[in-house]
Amino acid sequence: MYHIYNTHTEEMIRETIEDVGFQAKLIEEEMNQKSSQVCRIQVNGMTCTSCSTTLESALQVIPGVQKARVALATQEAEICYDPKIVDCNKLLEVIGNTGFGGILISTGGGSSRILLIVDGVNTENCIKLIKNSLLALQGVQEIDFDLQLKKLSISYTADVTGPRDFIHVIESTGSGCYKASIFPEGREREEHRHQEIRQYHRAFYWSLVFTVPVFFTSMVFMYIPGLKNVLETKVANMITVGQVLRWALSTPVQFIIGRKFYIGAYIALSHGYANMDVLIALGTNAAYFYSVYSVLRAATSPTFKASDFFETSSMLISFILLGKYLEVLARGKTSEAIAKLMDLAPKTATLLTIDDKGKVENEEEVDSRLIQKNDVIKTIPGSKVACDGLVVWGQSHINESMITGESCPVTKKTGDMVIGGTLNENGVLHIKATKVGSETALSQIVRLVESAQMAKAPVQRFADHISKYFVPLVIALSFCTWASWFLAGMFNSYPRSWIPSSMDSFELALQFGISVMVVACPCALGLATPTAVMVGTGVGASLGILIKGGQALERAQKVNCIVFDKTGTLTIGKPMVVNTRLFKTMLPQEFYELIAAAEVNSDHPLAKAIVEYEKKLRGSEENLAWPEASDFESITGHGVRAIICNKEVILGNKGLMMEQGIPIPVEAEEALAETEGQAQTSILVSIDKELIGVLSVSDPLKPEAPEVVSILKSMNVESMIVTGDNWGTANAIAKQVGIERKYVVAEAKPAQKAEKVKELQDLGKVVAMVGDGVNDSPALVAADVGMSIGAGTDIAIEAADIVLMKSSLKDVITAIDLSKKTFQRIHLNYFWALGYNFLGIPIAAGVLFPSTHFRLPPWIAGAAMAASSVSVVCSSLLLKNYRKPKKLNTHDLQGIIVE
């Protein structure tokens, strides 16, 4: 099928096809379908919430952008867009036009992206030569080269080509004068963070070199008799040596070391908003330029005695730089969970070269990121599996606890799938790579955690709303403070004794005004929620609980009713056939062959149990041939139907048989009642509209289920069972776990499960749904919080807000408890951030000065502002000390991350 977007081209192609003897018709629907991709961009230059909200608004209005999220804590943007309307280059351009720097991290869509370092490239001609050589490769989509960093970015189709092909082409181009290697993993992001840390460290260091002498000349040496005389020596008229020194030393701090604040303020104001840089620039400029005015006036007047505040501007900048340095250090620790996840993948892998006869010709150790699809990788005992793949030779036991939470090693043999990052314990395996790069299970988990850390909690809207007005309001308060104190001094509204001997009323008012401007801290408000969410989701990942963002966290802490599915959720999910009853004369072999042939097409746990049972009866588990099933139909929540050997075979529950008009004999009713009373599931079998037999399937209860229900009850959280299984089995399971009969709903179709969730919500309950199957997906979406068992289906995992990777019900309690602890921390952060501003601004404005003569000098106010941001980040980092509730025993399985 052709996807054509130009009307002239459409008609030409249609005519050309018809000219060669075929019929052609344009399918309009395909053209009008919306498509979407999600890209991630690292954003440089954001300083506070005003920056992130302004950029988010700018991105949202771009045609083709469906959703944009900008996170101050991670310094990243996640943008969902339609690639037919807008591309990544346009998004980067808008970010640049808004005053920030952007670096593309991932493009989304079906393409893969890799970064290479290319040595030997010095001119544009070299770049053009390499680009042309690479574009000649099938599967290469887009190439971008950064000559300054020697960095090559390639977008490509992983099914067609890969990084080893690129390196080979580059090194074969230009008579072998170019050398290419993989760009260190995570280096782009880490390099930026380390560069930011180095910049702040270097700026703070140099600011100290100048600020310490300014501080000593203004506050220490003035009290040492010999030095005081030197510093008070007149240079010209009333200007002194000390004033000249302070002016000379503070100027580099103001304009060279502090130029970052000027640039940030200019960018913000030129784009119509005010950020923290505006406050810092205004505050320090007021102190610096008033001091310059005062000193110049002293230099030209024989009587004017100058007072300068050079130490105020230089010390203010120094303390803010120290705060920013500590904040960047602390902020980096909030995303350690992602780094630990990425460390699960091995650095190198053994690549095998296989000949046409399947024999190994060569072994080569390569960077694991150079693996391409269909490569064969050798994995020895004690090493990690390098990528997701298919075992083509060998047998071993794989420890998958770091991914699935399964404590017991899993046997892997030829034909079995393995997961990248898991540990090979005792045998040698040859693995054919099926998923590489961003397609692997580990990469998807990393992407899920990254996306969760980007997602804003609804409570974050509070900070976003305040940030729009915060800086302008602070500037207005600062001006009002100065004006009030200045006018009060002018009209002698307070005693002259209140004014320090080194100042006049104007200077005192100016100090109060500057203190108000620099003590206010919008950063603390902006970091209160995202840093806590980052740490909370990271802690969850380390415990095997993948929480998809702040919204899921916020809703989970309010849950007061939990709806459990039965099969695979409350039960182990590995049912076994324990009994068979035939009501008609029929060969057992033929009976089992027919039902297995029908169920082999279903992925339901009960279907798999029937197929496995038939395999054991045949005495073989591999290479079995089943009779062909035609007109197969899976009736979700009820059973299956198929035509096999010209016979209509129907397997399912009592409701399905009644719908199909199949009479149920008395002996079948008795068998149903008996099995249901034993907490077993009955599967009725009909052949050609006649009930032939009943299979009894037992799915053992998870050992932790009764304890979990009991703990939830003590937390005032109601527990319910909503299942598609029969009433007898559902009630028997409910009795075993401690759930009352009135909280049991059985024989429910998928839509009915979702309806039950909505009924509970209508009663004012905050509902969590815990399930694992396709039939649970509607209820998982309908619930306030959907929790999917990690061993469940991909659809259920996609629909859920929280994924319990270890498949342990205890993690339901841990997820709720972690969300409560995270939001307690968020509320504490807000209490501190708001409380600090509500207290700090009035104190800086001088409300305590009339009664106590206490005032907050601007440089101390600046230090307090810097400390407030650092304290909020450190408060969030305390979540890393989270421990599971004491009610849960300590026998839990290992989580995703190996601590």
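Residues numbered from 1 in each chain as written. Predicted model: local features only at pLDDT ≥ 70, side-chain atom pairs only at ≥ 80, totals over all residues. Heavy atoms only, no water.

Chemist: Describe the packing of aromatic side chains, and please don't skip the residues or the numbers.
Modeler: The relative placement of two aromatic rings is captured by the distance of their centres and the angle of their planes. For the coordinates displayed, the defined rule picks out 25 aromatic pairs. Seen from their ring centres, Tyr290 and Tyr293 are 6.0 Å apart, and the 45° between their planes marks the pair as tilted. Taken as a pair, Tyr290 and Tyr293 lie in helix α11 (residues 276–300) at a separation of three residues, close to a single helical turn. For Tyr290, a relative accessible area of 10% puts it in the buried group. (Phe/Tyr/Trp six-rings, centres within 6.5 Å; stacked < 30°, edge-to-face > 60°. Helix = DSSP H or I, 4+ residues; strand = E, 2+ residues; numbered from the N terminus. Buried < 20%, exposed > 50% of the residue type's maximum accessible area, 1.4 Å probe, protein only.)

Chemist: If you had to explain the environment of Phe849 to someone new, which residues and values would you point to?
Modeler: For Phe849, the location among the structural elements is in helix α31 (residues 849–852). Classification of Phe849 by relative accessible area gives buried; the value is 2%. Put simply, Phe849 and Trp498 are 351 residues apart on the chain and 8.5 Å apart in space, counted from C-alpha to C-alpha. Setting aside its immediate chain neighbours within four residues, Phe849 contacts Trp485, Trp498, Leu508, Phe512, Phe854 and Arg855. (Contact = heavy atoms within 4.5 Å.)

Chemist: Let's hear about the sheet that holds strand β7 (residues 151–156): which residues, and what values?
Modeler: Where strands meet in a sheet, backbone hydrogen bonds hold them as pairs that are either parallel or antiparallel. Read from one edge to the other, the open sheet built from four strands follows the order β6-β7-β5-β8, with strand pairing classed as antiparallel. Of all the strands in the sheet, the pair left with one neighbour each is β6 (140–146) and β8 (179–182). Taken pair by pair, the neighbouring strands of this sheet meet at an average axis angle of 30°, ignoring direction. Here strand β5 (residues 112–119) pairs with β8 via four bridges, running antiparallel. Note on β8: the bridge partner recorded for Asp119 is Lys179. Contacting β5, β6, β7 and β8, helix α6 (residues 163–172) crosses the sheet at an angle of about 30° to β5. (Pairing = 2+ DSSP bridges. Axes fitted to C-alpha atoms, helices over the stretch in contact; angles between N-to-C directions.)

Chemist: Could you give an account of the side chain of Asn731, with specific residues and numbers?
Modeler: Mapped onto the elements of the fold, Asn731 is located in helix α26 (residues 727–737). Look at Asn731 and you get buried, because its relative accessible area is 14%.

Chemist: Which residues make up α11, and what are the values?
Modeler: Taking 1.5 Å of rise per residue, the 25 residues of α11 would be expected to cover 36 Å, and the 36 Å separating its terminal C-alpha atoms lies within 8% of that figure. Structurally, the start of α11 carries an N-cap: the backbone nitrogen of Asp277 is 3.2 Å from a side-chain oxygen of Asn275. (Expected span 1.5 Å × (residues − 1). Polar contact = N/O pair within 3.5 Å; in protein donor to acceptor, adjacent residues only side chain to side chain.)

Chemist: Before we move on, could you go through the UniProt feature "transmembrane region" (unreviewed entry) in the protein and cite the residues and values that matter?
Modeler: Following the UniProt record, one finds the feature "transmembrane region" (unreviewed entry) at residues 203–224, 244–262, 274–293, 313–330, 469–488, 508–528, 830–850 and 856–879. With 100% helix and 0% strand, the stretch residues 313–330 has end C-alpha atoms that lie 26 Å from each other. (UniProt positions renumbered as here; feature names shortened; annotations may be inferred.)

Chemist: Mind laying out the environment of Ala286, listing which residues take part and the relevant values?
Modeler: Along the polypeptide, Ala286 turns up in helix α11. Residue class for Ala286 comes out partly exposed when judged on its relative accessible area of 28%. On a C-alpha basis, the gap between Ala286 and Phe309 in space is 9.4 Å, while along the polypeptide they are 23 residues apart.

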